[in-house]
Amino acid sequence: MTNLNFRIHTPLLVILLLMGITIESSAQFPAEITKATQSANSPELSEYFNSKIELVLPEKSGVFSKEQAQLVMSSFFKNNPAQSFKIIHQSNRQSSSFAIGKYKTQNNIFRFYFLTKTTEDKTFIHQLRIEQEDD
């Protein structure tokens, strides 16, 4: 792991450790979020955005309203049409979950990191981090 990768992943790992997220094989990351990402459907994906969501993308980062985040993701999906997407790791604890997915385009591979919380039987994405993988 390079020093840059360590610096990028360290804050996320600290958050996960503080939240006490552990792997539970019986819990599943919401299939609707996976499906929306597979189809690069920003309106459908934004249905799961919290009212404020932290987005970290290669070209843009910040805390956005649900509506702004949908526009940011729409632009990302338009510039990076999906060939495939699959969840490669997931963890859950009580009302929080974390998932890592691999998003493949014709020319690139991206890693998606989702941090979600469930309230009143509805799952909301609080953070979405997208990083381009090196070849």
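Keep in mind that what you see is a predicted model, and the values were worked out from it rather than measured.

Trainee: Quick rundown of the sheet that holds strand 4 (residues 96-104)? Include the residues and the values.
Mentor: Paired through backbone hydrogen bonds, the strands of a sheet run either parallel or antiparallel to each other. Here we have six strands laid out as an open sheet, ordered 2-1-6-5-4-3, and mixed in their pairing. Each edge of the open sheet is held by one strand with a lone partner, namely strand 2 (61-65) and strand 3 (84-93). Neighbouring strand axes in the sheet, compared pairwise and without regard to direction, differ in orientation by 15° on average. Pairing geometry for strand 5 (residues 109-119) and strand 6 (residues 122-132), over 10 bridges, is antiparallel. Across the sheet, Thr119 pairs through a bridge with Lys122, a residue of strand 6. Against the sheet, helix 4 (residues 66-79) contacts strand 1 (49-56), strand 2, strand 4, strand 5 and strand 6, and its axis sits at roughly 45° relative to strand 1.

Trainee: Which residues make up the environment of Ile33, and what values do they have?
Mentor: Within the fold, Ile33 resides in helix 2 (residues 31-38). Sequence-wise, Ile33 and Phe114 are 81 residues apart; in three dimensions their C-alpha atoms are separated by 9.6 Å. Setting aside its immediate chain neighbours within four residues, Ile33 contacts Leu45, Tyr48, Phe114, Thr116, Thr123 and Ile125.

The rules we used
- Residues numbered from 1 in each chain as written.
- Predicted model: local features only at pLDDT ≥ 70, side-chain atom pairs only at ≥ 80, totals over all residues.
- Heavy atoms only, no water.
- Pairing = 2+ DSSP bridges.
- Helix = DSSP H or I, 4+ residues; strand = E, 2+ residues; numbered from the N terminus.
- Axes fitted to C-alpha atoms, helices over the stretch in contact; angles between N-to-C directions.
- Contact = heavy atoms within 4.5 Å.

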